[in-house]
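Chain residues, written in single-letter form:
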Amino acid sequence: MRAVLTWRDKAEHCINDIAFKPDGTQLILAAGSRLLVYDTSDGTLLQPLKGHKDTVYCVAYAKDGKRFASGSADKSVIIWTSKLEGILKYTHNDSIQCVSYNPVTHQLASCSSSDFGLWSPEQKSISKNKSSSKIICCSWTNDGQYLALGMFNGIISIRNKNGEEKVKIERPGGSLSPIWSICWNPSSRWESFWMNRDNNDAEDVIVNRGFQEIPSTLKSAVYSSQGSEAEEEEPEEEDDNLEEHNDILAVADWGQKLSFYQLSGKQIGKDRVLNFDPCCISYFTKGEYILLGGSDKQVSLFTKDGVRLGTVGEQNSWVWTCRVKPDSNYVVVGCQDGTISFYQLIFSTVHGLYKDRYAYRDSMTDVIVQHLITEQKVRIKCKELVKKIAIYRNRLAIQLPEKILIYELYSEDSSDMHYRVKERIVKKFECNLLVVCANHIILCQEKRLQCLSFSGLKEREWQMESLIRYIKVIGGPPGREGLLVGLKNGQILKIFVDNLFAIVLLKQATAVRCLDMSASRKKLAVVDENDTCLVYDIDTKELLFQEPNANSVAWNTQCEDMLCFSGGGYLNIKASTFPVHRQKLQGFVVGYNGSKIFCLHVFSISAVEVPQSAPMYQYLDRKMFKEAYQIACLGVTDTDWRELAMEALEGLDFETAKKAFIRVQHLRYLELISSIEERKKRGETNNDLFLADVFSYQGKFHEAAKLYKRSGHESLALEMYTDLRMFEYAKDFLGSGDPKETKMLITKQADWARNIKEPKAAVEMYISAGEHVKAIEICGDHGWVDTLMDIARKLDKAEREPLLLCATYLKKLDSPGYAAETYLKMGDLKSLVQLHVETQRWDEAFALGEKHPEFKDDIYVPYAQWLAENDRFEEAQQAFHKAGRQREAVQVLEQLTDNAVAESRFNDAAYYYWMLSMQCLDIAQDPAQKDVMLGKFHHFQRLAELYHGYHAIHRHTEDPFSVHGPETLFNISRFLLHSLPKDTPSGISKVKILFTLAKQSKALGAYRLARHAYDKLQGLYIPTRFQKSIELGTLTIRTKPFHDSEELVPLCYRCSTNNPLLNNLGNVCINCRQPFVFSASSYDVLHLVEFCLEEGITDEEAISLIDLEAPRPKREDRQREIINNSSQILQLVETKDSMGDEDPFTAKLSFEQGGSEFVPVVVSRLVLRSMSRRDVIIKRWPPPLRWQYFRSLLPDASITMCPSCFQMFHSEDYELLVLQHGCCPYCRRRKDDPGP
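Small disclaimer: the values here were computed from a predicted structure and weren't measured.

1. Looking at the overall build of the chain
So, point 1. Counting its regular elements, the chain contains 31 helices and 65 strands.
So, point 2. Of all 1236 residues assigned to the chain, the portion counted as buried reaches 52%.
So, point 3. Contacts spanning at least 24 positions in sequence make up 47% of the contacts within the chain whose residues lie at least 6 apart.
So, point 4. Accessible surface, the chain: about 58,100 Å² in total, of which carbon and sulfur atoms supply 47%.

Structural data, given as C-alpha cells:
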C-alpha cells in the first residue's frame, strides 16, 4: 500500500471536522467560525459559509445528500441545504461538540457539553436529554436504530431513537481515558469475523465448511491454539437478514487504546495499544479498513480488526480529523495547523501462481488460495500485513513484516485445499521477489539470489550480472529444483537449487520481461521489453519465430507445440509454425493448461476456456490427423470433432476417425468403421471400395458410384441408387434384364412414388409388379372405390387375402354393395351377414337368414340390440325371442326400469314394469318356468300400478302446477296407501303420499282421514321443504271436526256397503271382501263386479252364451232360505216358470254373501244367457292365465278397457287421454294398433 498526495491546501484555523457529500463531489470543513466547501476533484475552494459566531467544532452530511448540519461553540446548530443555504437554526445550553445524521430516518443528533438533542424535519421542537458528562463524539448504527455517545468520563452510552439509554459501557480508565472518537462499522457483517478473536496468534489452517448460509466475507473465524485459519470462500452475496446486534463499534480513547464492542456492550478481543492520543477514527465505506489519526502527527491505516498496516501521510501537527471519500480509496486529512491533505491509496497486487493454484493477498492481511479448475477457495488469516506470496506444488510461502510462514497441504490430492503450517522463519527479510521450493525459499534482491532452508539458514547465494527481472520454478526433484531466471541485460539462466553454478541458456540483446519453458524443456519463450515474443530452441539456441505485441507468454503444459501470449487487448494462440490465431482478451496470460488459459486482469485471475479449433484445422489442412487429434483433445467443439472425424475417415485414417466418432457418439459411422476393420481382417485391401462406402455414408453418391464401378461392384451402385429412389441413375447399372432385378426395381420405384405423394403412379406400378396388397392399401387410404372394385373383379377368387382386404376397404368407404359382391365372390357368407348387420341392412340379412338358419343368432341378436338402442323395445323383445335370448330381453327392460326410477320418471317405470310383466307372462308358457314367471308377472303388475299412480303424486309435490284435480289426488293417495307393501318400492316416498292425502283430505272435508295422515307423518323423516307445511297442517287440522264427509265414502257395488276411507283390509270391501276395481285415470271405484264361471263352462262357451242375449221372460219370484250357523243365504230357485223380470246376476249378488272369507260370484249358464254383451267386460289374458269377467251394474255409465293392458277407464276420460297422448296412458298402445 502506498499513498499518493492528490492535492493540499491550508486554512487559517485548525480543521476541527470534515464531512463528505454522499456522492463524493464536495467536501465540507469546519475551520474557525466558518465552513469551507471544497471540490474534491482538484481541491478548489468553492465557497466559505458564515453563520456561526464562534468556532465550528463539528459538521455532518445527511445520507440522502439533501442537507448537512454544523455545530459550534456558540451553542447553535445550523441546518444547511445541499445548495449551501442555511434553512434552520436551533440552540443548546452549551457548546456543540458533535453532530450525526441517522443514516435511515435522517434524524439529527446534536450533542453538547451537558445534553444531546434529536431533531427531524417532521418535528417542530427538539427533544433534548441531559447527560452526566461532556459528550465528545457520537455515531449512529447502520440501521439507524441506536446512537452511541462517547463521553469525557470514559463512558459509552448507547441510546435508542427516542434517547433512552439501552447499554452503558464503562472503560477501565474512567475519566483518565476520555472517549475521543467512536464509529460504527458501516458494514454490519463483520461480527462473525471477531468470534473467538481472543485466541493466541497462530498460522495453522483449518478449512471451515460449516457456514454455508453466511457469505464468505462474514464467516466466523475459528482459531486453533497454533495460528491463523483458512476458510473456503464462496461467491460473495448480499445478506440483508443480519440483525442489529451484528454492528461493531470502534472506540478510540485518550488512554491511547483502540477497542471494539458489540451492540450488546460486550467487548470484542482485547484493547490495542496505540502509543499516541487518537483524535479521529473513520471506516472505509465497506468497513474493510480503519483510518486513525491524532497526536502522532500522521494518519495510520488499520485493518477492520485493528492490525496496523502502514502510514497514509505524515503531517506537521496533530491530526484532528480524517475521512474516506465514499466508495473510493481517497482519504482527506485535517490538521491542527489548518492543513488539508487529499491522498489516493494504491493497493498493490501481491500474488503467486503455480499451474492451477493461484494465491493472492486480500484485505492486506489475508491470503486467498484459489484452485483455478474447481473454483474452490480458502482464506488464510495472517493478522499481519502480507508482503510477499510464493506457491509451488504443495508449498505456500507468505512473507509477513517480521517472519516468513511456510505452509503445506494436508495430502497429495490435487484438489486438496487444506493447508497447515510446516515451518516459521522468524526473521525480517528485505527482498523484491520470493520463490518457494520443496525444501527451500529463494529470496531475490536486485542482482542477488539467496537460497534458504525452511529453518532460515542460508545455503547458497548467486550473484547476477544485471538486475533480476523474472524468476520461475520449472520443477525438478525435491531439493534439486530448477529455476528459470531472466535478467535486465537479456541473459537467461537456469539455476539448480543444489548447484552454485548458473547455466546460461542464451543471451539476447533486449531486457527480459517474461519467460516460460515448454513441457519437454526443448523450447524457450521470451517476452522482452519491446513487447516481442521470441521462441528459441534451447539446444541449438536458434530463434524459431517471433511475434509482436506481447506482454506475457505461456506454453501449453499438455501440448509441446502450442503456446499463447497476450498483449494489446488480444490473446494469441500459436501452434507449431502455423499462423497465429487471435481473439480479444483483457489482461495478462499467466498459464496455459489444455484448453484453459489463466488470465490475470487487474486484481483477479480467471480461467478462460478457449476452443482449440483454429490450430486443429491448421493440422487438418496438412492431413496431419494424429496431431490434429491431440489438439482436439485439449478442447474443441462438437462440430470440430465431427469435422476431424470426417476428414480422418476420408483420409482412411480409421483409428483417428474411430476415436473422434466415439467422442461425438456417432454410432452410424462407428458401425461403418467397424465393418471396414472386419473386412480388412478378412483380407480385403481395396481402398477404392472402402472409400466408396465412406462417400455413400457422407451423401457423395455419384463419387461413391464411380468408385463402386471402378472396383467392379456395379451391383452395390444399383442397390445404393435404388435405396435412394434415384431410379434413372439405377437403370444405368441394371444387368442383362434379369426379371427379378426389374421387378425389385419397379417395386422400389412404386414405394418411392408412394412416399413422395404420387399414389396413382404407385398403384399402377404395384399392380404391374404383382404387389396387389400394397395397391389395395393405397386405393383404400385414398378412397378410390372404383379402382378397388376393378382390382377385386380382376383377382382370382382363390386370392383370398387381397379380396378380403378389398372388401374391408369397401365396407369402410361406405360401399356395402361392392363389399357384398366381393364377399359373395369369395363365398364368405359369415362376413356377408356381418356386413348386412353392421350397415343395418336388415331385410337382406333376414333374407340371408331364411336361406341359412345357422346365422340366425348372428342376425337377430344385433337387430334386437339396435332396436333397444333406438327405443323400439317391443320389437327388440320380439327380436330377442326370435333369437332365443329371453334373458337379454328381460335384462334390457330391467335396466331401463331401474334408470327410470332413479331419474324419477315414474310413468316410464310403470310402462317398463308392465312390459316386464307381459314378458314374464310370455315366458310362463314354458311349463318349467311357469310358477316362477307367474310370480314375477303378478309382482311386476303390482309395481306398474303403484308407479303409475305415484307419478301423479310426485308431479303434484314437485311441480308448481298440477294437472290432476283434488278428488283424483285424494283417490290416488288412498289407493297407494292401501296398496303399498311393507317394503316400499324404490323411489316411492311415503311422506309425499301421506302429505298429498292429508292436504286433499282437508280440502275435501275428510278431516278425520287428514288428521290420521298428519299423525302418520310425525313418525317419518320429513324433508326440510315440507316441514313448515306439515307442521302448519298438523296444527290447523285440530280446528276441524273429527269426521269425514259422507260424500267421499266409497260404496261396494256388490253388497252396497259403505266402506271407510281408511280401510285396514286394503282395497277390498270390509263386508264381502270383494276387491275394488279402480279407474286407471281418476282412481275412483268403478261399478264393476268380477264373477267366475261355473265349473265345466269354458271361456268360448261363456262368450257364446253372453252373445246370445236371450230375452228375460216374466217369472215369479221363488226364493229358498238356507239358514246355517254362520250366515244366511238367499238362493234363486230355477224352475220352468220361475223366470221373471229380476236380473239373475243381481240376485246372486244380494243373497250369496256373508262370512269373513271372500266368496267370488259364480254364475251358471242361465245367468250368462241373461247377460248383455255390452254389460260384460272380459280381460282375455293369454295362457296360462284364465280370463277375468266383470259385470257393469250401471250400464248407462260407460266404461272402456284397454285391449292391451286391460286397465279400466271411464270412457270419457279414456277418450280424452288418448287424444292428448295419442296412445293408452298406461301401456302406450296407439289407438290404431291392432289388439293383442
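2. Considering the sheet that holds strand β18 (residues 179-184)
So, point 1. What the 4 strands build is an open sheet, ordered β18-β21-β22-β23; its pairing is antiparallel. The outermost strands of the open sheet, each flanked by one partner alone, are β18 and β23 (267-273). Shown here is a sheet whose adjacent strand axes are inclined to one another by a mean of 15 degrees, direction ignored.
So, point 2. Bridging between strand β22 (residues 257-262) and β23 involves 4 bridges; their strand directions are antiparallel. Note on β23: the bridge partner recorded for Leu 258 is Arg 272.

3. Digging into the packing of helix α4 (residues 638-650) against helix α5 (residues 654-664)
So, point 1. Contact pair α4 / α5: the axes reach a minimum separation of 8 Å and the direction vectors enclose 155 degrees. Classified by the angle their axes make, α4 and α5 are roughly antiparallel. Crossing of α4 over α5 shows left-handed handedness. The residues of α5 that touch α4, namely those facing Asp 638, Trp 641, Arg 642, Leu 644, Ala 645, Met 646, Ala 648 and Leu 649, are Phe 654, Thr 656, Ala 657, Ala 660, Phe 661, Arg 663 and Val 664.
So, point 2. Partitioned by chemical class, the residues of the contact of α4 with α5 number 11 nonpolar, 1 polar and 3 charged.

4. Observations regarding the nonpolar core
So, point 1. Judged by nonpolar contacts, the single largest core of 65 residues is most densely connected at Trp 914, Tyr 947, Leu 976, Leu 1088, Met 1208 and Cys 1224.
So, point 2. Residue assignment for this core shows that the elements contributing at least two residues are α21 (886-902), α22 (906-923), α23 (930-958), α24 (966-979), β64 (1199-1201), β65 (1208-1210) and α31 (1211-1221).
So, point 3. The dominant element in this core, judged by the number of residues it contributes, is α22, at 13 residues.
So, point 4. Within the second largest apolar cluster, 51 residues are counted, among which are Val 378, Ile 380, Val 386 and Cys 451.

5. Points about helix α28 (residues 1099-1108)
So, point 1. Looking at α28, one finds that the buried residues are Asp 1099, Ala 1102, Ile 1103, Leu 1105 and Ile 1106. Seen along its axis, α28 keeps its buried residues to an arc of 165 degrees; they face one direction. The exposed set on the far side of α28, more than 90 degrees from its buried face, consists of Glu 1100 and Leu 1108.
So, point 2. Where the residues of α28 are buried, they touch β58 (1088-1093), α30 (1165-1170), β62 (1176-1179) and β63 (1188-1192).

6. Overview of the packing of aromatic side chains
So, point 1. Tallied over the entire structure, the rule returns 30 aromatic pairs.
So, point 2. Look at Phe 68 and Trp 80: their rings are 6.1 Å apart centre to centre, the planes differ by 10 degrees, and that puts the pair in the stacked class. Of this pair, Phe 68 sits in strand β7 (residues 67-72) while Trp 80 sits in strand β8 (residues 76-81), and the two are 12 residues apart along the sequence. Neither residue differs from the other here; Phe 68 and Trp 80 are each classed as buried.
So, point 3. Relative to Trp 1181, the ring of Phe 937 has its centre 5.6 Å away and its plane inclined at 80 degrees; by these criteria the two rings are edge-to-face. Of this pair, Phe 937 sits in helix α23 while Trp 1181 sits in the loop between β62 and β63, and the two are 244 residues apart along the sequence.
So, point 4. Through a chain of ring-to-ring contacts, the aromatic side chains of Trp 7, Phe 20, Tyr 38, Tyr 330 and Phe 342 assemble into a single cluster.
So, point 5. The ring of Tyr 330 has Lys 325 lying over it, and the distance from NZ or CZ to the ring centre is 5.3 Å.
So, point 6. Lying across the ring of Tyr 570, Arg 582 places its NZ or CZ 5.1 Å from the centre.

7. Observations regarding the pairing of β63
So, point 1. Counting buried residues along β63, 4 of its 5 residues qualify, which places the element largely inside the surrounding structure.
So, point 2. Both β58 and β63 contribute to a ladder of 4 bridges, which runs antiparallel. The partner of Phe 1091 across the bridge, within β63, is Tyr 1189.
So, point 3. By the bridge criterion, 4 bridges tie β62 to β63 in an arrangement that is antiparallel. Paired with Ile 1178 across the two strands is Tyr 1189, which belongs to β63.

8. A look at the pattern of salt bridges
So, point 1. Counted under the stated rule, the structure contains 33 salt bridges.
So, point 2. Among the ionic pairs, Arg 395 bridges to Glu 408, the shortest N-O distance being 3.4 Å. One end of the pair, Arg 395, is in strand β36 (residues 395-399); the other, Glu 408, is in strand β37 (residues 404-409), and 13 residues separate them in sequence.
So, point 3. Three or more residues joined by partner-sharing salt bridges are found here, namely Asp 362, Asp 366, Arg 379 and Lys 381.

9. Points about the state of the cysteines
So, point 1. Going through the model one piece at a time under the given rule, you end up with 0 disulfides.
So, point 2. With no disulfide of its own, Cys 1224 lies 3.6 Å from the sulfur of Cys 1202, the closest cysteine sulfur.
So, point 3. For Cys 1224, a relative accessible area of 0% gives the class buried.

10. Description of the sheet that holds strand β13 (residues 127-130)
So, point 1. Pairing is antiparallel in the open sheet, where 4 strands are placed in the order β10-β11-β12-β13. Unpaired on one side and paired on the other, β10 (96-101) and β13 mark the two borders of the sheet. Recorded for the sheet is a direction-independent mean angle of 15 degrees between the axes of neighbouring strands.
So, point 2. Direction of pairing for strand β12 (residues 115-119) relative to β13: antiparallel, over a ladder of 4 bridges. Bridge pairing in β13 places Asp 115 opposite Lys 130.

Quick notes on the rules
Residues numbered from 1 in each chain as written. Predicted model: local features only at pLDDT ≥ 70, side-chain atom pairs only at ≥ 80, totals over all residues. Heavy atoms only, no water. Helix = DSSP H or I, 4+ residues; strand = E, 2+ residues; numbered from the N terminus. Buried < 20%, exposed > 50% of the residue type's maximum accessible area, 1.4 Å probe, protein only. Contact = heavy atoms within 4.5 Å. Areas by Shrake-Rupley, 256 points an atom, 1.4 Å probe, with all protein chains shown as cover. Pairing = 2+ DSSP bridges. Axes fitted to C-alpha atoms, helices over the stretch in contact; angles between N-to-C directions. Parallel < 35°, antiparallel > 145°, perpendicular 65-115°, else oblique. Left-handed = near helix turned anticlockwise from the far one by under 90°. Nonpolar A, V, L, I, M, F, W, Y, C, P; charged D, E, K, R; others polar. Core = buried A, V, L, I, M, F, W, Y, C linked by side-chain atoms within 4.5 Å. Arc of directions from axis to C-beta. Phe/Tyr/Trp six-rings, centres within 6.5 Å; stacked < 30°, edge-to-face > 60°. Lys NZ or Arg CZ within 6 Å of the ring centre and 35° of its normal. Salt bridge = Lys/Arg side-chain N within 4 Å of Asp/Glu carboxyl O. Disulfide = S-S within 2.5 Å.

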